[in-house]
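Commentary on secondary and tertiary structure
Given next are the chains, with one letter for each unit.
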Amino acid sequence: MSEEAKQGYSADSIQALEGMEHVRMRPSMYIGDVGVRGLHHLVYEVVDNSIDEALAGHCDVITVTINENNSVTVTDNGRGIPVGLHKKEGVSALEVVMTKIGAGGKFDKDSYKVSGGLHGVGVSCVNALSDHLHATVFREGKVWEQEYERGKAVYPVKSTGDSDKNGTIVTFLPDRSIFQQTIEYNYDTLASRMRELAYLNKGITITLTDVRNTDEKGEFISETFHSTEGLKEFVSFLDASRTPIIGQVIAMEGEKNDIPVEVAMIYNDSYAENLHSYVNNINTHEGGTHLSGFRRGLTSTLKKFADNSGLLDKLKFEIAGDDFREGLTAIISVKVQEPQFEGQTKTKLGNREVTSAVSQAVSEMLENYLEENPVDAKTIIQKVILAAQARHAAKKAREMVQRKTVMSIGGLPGKLSDCSETDPAECEIFLVEGDSAGGTAKQGRDRNFQAILPLRGKILNVEKAMQHKVFENEEIRNMFTALGVSIGTEEDSKALNLSKLRYHKVVIMCDADVDGSHIATLILTFFFRYMRELIEQGFVYIAAPPLYLVKKGAKKQYAWNDDQRDLIMREFGENSKIQRYKGLGEMNAEQLWDTTMNPEFRTMRQITIESLTEADRVFSMLMGDEVPPRREFIEKNAIYANIDA
């Protein structure tokens with residue numbers, strides 16, 4: 001029997017499920033979109049193959065390199081993709097993997113017990129959407145190579161030398177005709193995902209290097225990610241800017257009903273609930289059965305302990321599930337052999353058997369911890385009681401908002417200058433900093449489809465405020481009522497109903513200075529914590545007013561940054577004059593319309609969330625109480641800081 005047959009991963013393990021004719025024609029069906037997110041998804045697909053090798057116990061070192069031309073090289077020390085003849089296809093298994101959608105060892109249960117990319121896209125999709133791809137395989141004592149252009153093999157797989165190591169190297173250059181917006185990779189976006197994968201798969205070393213840029217020492221920008229404690233370290237990393245109220249991260253790892261479950265959690269003094277769930281390394285931001293199991297195990301165990309402790313005896317109302325999760329940061333990671341995801345986006349797990357597995361695991365973990373740490377146990381229950389009291393206060397505040405909505409004229413705030421169009425898909429609302437700029441925006445807008453809501457100064461920092469204080473804040477109440485969204489119920493205080501949303505473009509328009517950026521960040525924090533669905537559905541934007549107006553005689557041109565200003569000045573020549581806009585109020589209505597509000601000429605940045613965990617960490621760091629991590633972040637990013645998320 002051959003060595004590869006013994007390992008259960010040979011050419012016959014590769015199964016071709018379907019062709020790949022549609023990939024280049026309709027790439028968004030396979031990678032989500034052909035913008036920045038889809039571009040980075042190509043890297044994730046290739047890295048996922050290496051992670052699958054790690055999950056199977058055959059790989060522990062992965063390197064990712066962004067090359068000068070924005071091609072990317074992914075190297076691992078796994079078994080190497082099989083290169084033997086594939087009986088059904090009549091070509092090398094490597095070529096099948098690279099050119100057939102749905103082909104891969106992960107469909108063979110003997111090759112991979114669990115795997116992340118089970119929707120059959122994988123590296124062949126990357127190949128189809130690349131101008132050029134070069135695969136090198138170290139296997140069976142030899143080096144094997146094959147190159148491809150736009151998904152088609154240039155030559156058959158060939159041996160190019162001898163080697164005593166195993167592994168795979170894939171280098172690909174995204175096709176500019178597909179990714180017309182950009183093929184430039186963002187280092188921080190890739191670093192965030194590589195860090196996440198290192199925490200989720202402890203013991204693996206992932207190195208990311210960017211040869212396009214160098215640091216102050218003249219060395220390539222590079223980071224190595226490695227975790228020995230997995231989710232415990234991940235939780236500590238996410239909560240670095242929050243203050244814990246218990247002595248340590250509560251964690252467990254084991255198998256329940258043949259399902260590997262790993263959980264880590266900690267309570268902090270914030271009022272936010274931060275639950276992050278993963279299935280086979282996929283971030284399931286819509287949750288699913290594993291998250292339901294966590295909530296069930298947490299609630300039942302803590303409630304039982306609280307009842308037995310007598311701490312709830314004087315409480316005059318019932319504790320709700322939300323109360324047990326206030327100030328909680330938790331990560332739930334499960335590995336499922338045949339995951340059932342709702343939809344192609346892999347964002348919600350549907351396997352029913354996972355609920356009880358996670359619930360049991362969490363119950364056992366918590367029971368042991370509460371028994372062994374009585375001081376922390378009492379602290380947690382006291383936090384729960386305070387959360388319950390705050391929830392009741394928040395309920396009254398919500399009811400006040402709803403009453404004000406019903407009783408006010410048309411249910412809208414008096415400051416709102418509404419538009420005449422009633423179709424939300426055609427309407428946009430500008431949240432404008434200050435009454436002065438708001439007045440200018442009202443004069444400059446198109447009243448048919450543009451509404452203006454002036455905000456007075458800096459809104460409440462919701463990161464450090466209890467829920468009832470948020471709902472009592474006048475500016476926040478005005479935003480809720482103007483947008484037309486409902487705020488939640490007592491049963492689920494975080495539910496957001498967008499069925500009556502009145503605008504499909506919510507535009508934050510602030511001055512282009514430090515104060516304006518702070519106000520925009522405060523508003524974004526509010527949306528992220530209380531209206532995240534608005535961001536996830538693509539309704540939130542930030543306006544980009546110009547910084548300069550350059551004039552010379554009858555000629556004038558706007559500039560949005562210093563480089564544009566300098567270029568215009570060179571074009572205009574000597575004696576050109578510069579006007580620096582310190583705020584929106586310095587523009588007249590016509591200028592504001594021409595540069596910032598007119599759909600034909602304006603620039604707006606759509607706010608998206610690439611990584612929930614990273615967004616959560618950054619908001620808590622920027623808007624929380626801890627100064628050192630915020631200072632470090634600002635010092636590192638000051639030159640490149642951009643409010644676009």
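A brief look at the structure comes next. (Residues numbered from 1 in each chain as written. Predicted model: local features only at pLDDT ≥ 70, side-chain atom pairs only at ≥ 80, totals over all residues. Heavy atoms only, no water.)

In terms of helices and strands, the protein carries 20 helices and 22 strands. A total of 645 residues make up the protein; the buried ones form 54% of that total. Long-range contacts, defined here as pairs at least 24 residues apart, represent 70% of the contacts in the protein between residues at least 6 apart. For the protein, the exposed area adds up to about 29100 Å²; of that, 47% sits on carbon and sulfur atoms. (Helix = DSSP H or I, 4+ residues; strand = E, 2+ residues; numbered from the N terminus. Buried < 20%, exposed > 50% of the residue type's maximum accessible area, 1.4 Å probe, protein only. Contact = heavy atoms within 4.5 Å. Areas by Shrake-Rupley, 256 points an atom, 1.4 Å probe, with all protein chains shown as cover.)

Another point: the pairing of strand S14 (residues 328-334). When you tally the buried positions in S14, you get seven out of seven residues, the bulk of the element. Neither face of S14 is exposed, since Leu328, Ala330, Ile332 and Val334 on one face and Thr329, Ile331 and Ser333 on the opposite face are all buried. Strand direction decides the pairing type here: strand S11 (residues 259-267) and S14, joined by seven bridges, are antiparallel. Paired with Tyr267 across the bridge in S14 is Leu328. Pairing geometry for strand S12 (residues 274-279) and S14, over six bridges, is parallel. In the strand pairing of S14, Val279 is matched with Val334. (Pairing = 2+ DSSP bridges.)

Okay, the nonpolar core next. Of all hydrophobic cores here, the largest spans 53 residues; its most connected members are Met265, Phe294, Leu298, Leu302 and Val334. Ignoring anything within four residues of it in the chain, the contact list for Met265 reads Val235, Val249, Ile250, Phe294, Leu298, Leu328, Thr329, Ala330, Met365 and Leu366. Counting residues in each nonpolar core, the second largest holds 50 residues, with Ile66, Val97, Ile178 and Phe225 among its members. (Core = buried A, V, L, I, M, F, W, Y, C linked by side-chain atoms within 4.5 Å.)

Looking now at the environment of His40. Examined against the element boundaries, His40 turns out to sit in helix H4 (residues 36-55). Under the relative-accessibility criterion, His40 is labelled buried at 1%. Residues His40 and Leu190, spaced 150 residues apart in sequence, show a C-alpha to C-alpha distance of 7.2 Å. When sequence neighbours within four positions are dropped, the list of residues in contact with His40 reads Glu184, Tyr185, Asn186, Thr189 and Leu190. Within polar-contact distance, the side chain of His40 engages the backbone oxygen of Val36 at 2.8 Å. (Polar contact = N/O pair within 3.5 Å; in protein donor to acceptor, adjacent residues only side chain to side chain.)

This part is about the sheet that holds strand S17 (residues 505-509). Read across the open sheet, the five strands follow the order S16-S15-S17-S18-S22; overall the sheet is mixed. Each edge of the sheet is formed by a strand with only one pairing partner; in this case those strands are strand S16 (450-455) and strand S22 (604-606). Strand-to-strand twist across the sheet, computed as the mean angle between neighbouring axes with direction ignored, equals 25°. Inspection of the sheet shows strand S15 (residues 428-433) paired to S17 by five bridges, in the parallel sense. Of the residues in S17, the one forming a bridge with Ile429 is Val506. (Axes fitted to C-alpha atoms, helices over the stretch in contact; angles between N-to-C directions.)

Spatially, the three strands line up as an open sheet ordered S20-S19-S21, and their pairing is antiparallel. The sheet is open, and its two edges are formed by strand S20 (555-559) and strand S21 (577-580), each paired on a single side. Sheet twist, expressed as the mean angle between neighbouring strand axes with direction ignored, is 20°. Across four bridges, strand S19 (residues 548-552) lies against S21 in antiparallel orientation. Of the residues in S21, the one forming a bridge with Tyr548 is Arg580. Sitting on the sheet, helix H17 (residues 562-572) is in contact with S19, S20 and S21, with an inclination near 160° to S20.

The next subject is the side chain of Ser163. Assignment of secondary structure puts Ser163 in the loop between strand S6 (158-162) and strand S7 (167-174). Among the polar contacts made by the side chain of Ser163, one reaches the main-chain amide nitrogen of Lys165 at a distance of 3.2 Å. Leaving out residues up to four positions away in the same chain, Ser163 has contacts with Phe138, Gly141, Lys142 and Val143.

Here the focus is the state of the cysteines. All told, the structure shown has zero disulfides when counted by the stated rule. Between Cys427, a cysteine without a disulfide, and Cys419, which holds the nearest cysteine sulfur, the sulfur-to-sulfur distance is 3.7 Å. Assessed through its relative accessible area of 3%, Cys427 is described here as buried. (Disulfide = S-S within 2.5 Å.)

Now for the packing of aromatic side chains. By convention here, two paired aromatic rings are described through the distance between centres and the angle between planes. On inspection of all chains with the given rule, the structure shows nine aromatic pairs. Where Tyr199 meets Phe237, the ring centres are 5.8 Å apart and the plane angle is 40°; that geometry is what we call tilted. Taken together, the positions of Tyr199 in helix H7 (residues 187-200) and Phe237 in helix H8 (residues 231-238) put the pair 38 residues apart, joining distant regions of the chain. Centroid distance Phe471 to Tyr530: 5.9 Å. Interplanar angle 80°. Geometry classified as edge-to-face. A residue pair is termed long-range when its members are at least 10 positions apart, and Phe471 in helix H13 (residues 467-472) and Tyr530 in helix H15 (residues 514-530) qualify at 59 residues. By relative accessible area, Tyr530 is classed as buried at 16%. Its guanidinium or amino end placed over the ring of Tyr155, Lys158 lies 4.2 Å from that ring's centre, counting from NZ or CZ. (Phe/Tyr/Trp six-rings, centres within 6.5 Å; stacked < 30°, edge-to-face > 60°. Lys NZ or Arg CZ within 6 Å of the ring centre and 35° of its normal.)

Below, the discussion takes up the environment of Glu273. Its location among the elements puts Glu273 in the loop between S11 and S12. Between the C-alpha atom of Glu273 and that of Leu328, which follows or precedes it by 55 residues, the distance is 5.2 Å. A polar contact of 3.3 Å, which involves the side chain of Glu273, links it to the side chain of Arg295.

Per the stated rule, a full pass over the model turns up 33 salt bridges. Where Arg212 meets Asp210, a salt bridge forms, and the shortest distance between an N and an O atom there is 2.8 Å. Using a relative accessible area of 23% as the deciding quantity, one classes Arg212 as partly exposed. Taking the shortest distance from any N to any O, the salt bridge between Asp322 and Arg325 comes out at 2.8 Å. Using a relative accessible area of 9% as the deciding quantity, one classes Asp322 as buried. One continuous salt-bridge network, built from bridges that share partners, spans Asp239, Arg242, Glu463, Arg529 and Asp616. (Salt bridge = Lys/Arg side-chain N within 4 Å of Asp/Glu carboxyl O.)

Okay, helix H12 (residues 435-444) next. Among all positions of H12, only Ala437, Gly438, Thr440, Ala441 and Gly444 are buried. Along the axis of H12, the buried positions cluster into a sector of 160°, meaning they face one direction only. In this structure, H12 carries Ser436 and Gln443 as exposed residues pointing more than 90 degrees from its buried face. (Arc of directions from axis to C-beta.)

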